[in-house]
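Spelled out from the first residue to the last, the chains are:
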Amino acid sequence: MINRIRDIRKDKGMTLADLAEACDPPTTAQTIGRLETGMRNLSLKWMDRIAAALEVDPEMLVRSEANTQPQIVASLGTDGPEALAKPRDALLPTDVGGDGPLVVLTVEAATGPYLPGDQLWLRQVAPEDAARAINRDVLVPKKAGRFAFGRLIDRQGTLVGLLPPGMGQKQEVVNDPPWIGVAEMLVRKL
């Protein structure tokens, strides 16, 4: 197990003292430092306290080969989204919270506002929760392992209407998708 407390704390712009103060009950910066470096045992109780202070899930504090990682499931190219031959792990720069698993769409060719190399992190929601995704970019699985991507513009019964991000592309309708991936975070290398 690899302890990730320091990385997460720094990503959130917190000092040792800030994190110690945010714990409930508060602790000392020295204790947090010892937990980060492994000089003190990181018990489940400490994981819960520190995770709450950092506003992340406790499992984010450690990294293991056994933990399930978010998967890159599709790639967006000039001809639209394509399923990968084999999904691969994606590295999450920060925890985004929320309900439902994360999936990732990688952008291979400039499409709408997206540039090559972008990663679009999407939260899977049930189709009946699509109302909260209206006018948001979504990835929707279709039959035979294919995907549709675009702005969710309509949902009627089991039909989901998407407007692709490219100029002059026609609306795409998907019938009864198992889930809808709602865009939650754009990761773009600078």
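Everything below is about the structure printed above this text.
Residues numbered from 1 in each chain as written. Predicted model: local features only at pLDDT ≥ 70, side-chain atom pairs only at ≥ 80, totals over all residues. Heavy atoms only, no water.

Q: When you look at the nonpolar core in this model, what are you seeing that I'm missing?
A: If you look at soluble globular proteins, the nonpolar side chains tend to sit buried side by side. Core analysis: the largest hydrophobic core is formed by 19 residues, its most contacted members being Leu19, Leu42, Ile50, Leu54, Val56 and Leu61. Mapped onto this core, the elements with two or more residues apiece are helix H1 (5-11), helix H2 (16-22), helix H3 (29-37) and helix H4 (44-54). A per-element tally of this core places H4 first, with six residues. What Leu54 contacts, discounting residues up to four positions off in sequence, is Ile8, Arg9, Lys12, Met14, Leu19 and Leu61. Core analysis: the next-biggest nonpolar cluster, separate from the first, contains 14 residues, Val73, Ala74, Leu76 and Leu120 among them. (Core = buried A, V, L, I, M, F, W, Y, C linked by side-chain atoms within 4.5 Å. Buried < 20%, exposed > 50% of the residue type's maximum accessible area, 1.4 Å probe, protein only. Helix = DSSP H or I, 4+ residues; strand = E, 2+ residues; numbered from the N terminus. Contact = heavy atoms within 4.5 Å.)

Q: It is not clear to me how the layout of surface pockets should be interpreted in this structure. Could you clarify?
A: If a probe as big as a water molecule is rolled over the atoms, it shows which places are left empty. Quantified by volume, the second largest pocket comes out at close to 260 Å³. Forming the walls of the second largest pocket are 17 residues, and the residues nearest its centre are Asp79, Gly80, Pro81, Gln169 and Glu172. Looking at the lining of the second largest pocket, the element that brings in the most residues is strand E4 (residues 80-89), giving three residues. (1 Å grid on protein atoms, 1.4 Å probe; cavity = no way out; pocket = protein on both sides within 12 Å on 5 of 7 lines; lining within 4 Å. Points joined across faces, edges and corners; volume = space filled by probe spheres on them.)

Q: Help me understand the pattern of salt bridges, please; the structure alone is not making it clear to me.
A: Oppositely charged side chains may form a pair once their charged atoms are brought near each other. Enumeration over the complete set of coordinates arrives at six salt bridges. Residues Asp118 and Arg188 are paired through a salt bridge, measuring 2.7 Å at the closest nitrogen-oxygen approach. In this pair, Asp118 sits in the loop between strand E5 (102-107) and strand E6 (119-125) while Arg188 sits in the segment after strand E11 (180-187), placing the two residues 70 residues apart along the sequence. According to the relative accessible area criterion, Arg188 is partly exposed, its value standing at 33%. Here Asp137 makes a salt bridge to Arg151, at a shortest N to O gap of 2.9 Å. In this pair, Asp137 is assigned in strand E7 (residues 137-141) and Arg151 in strand E8 (residues 147-156), connecting sequence segments 14 residues apart. Looking at Asp137, the relative accessible area reads 9%, which means it is buried. (Salt bridge = Lys/Arg side-chain N within 4 Å of Asp/Glu carboxyl O.)

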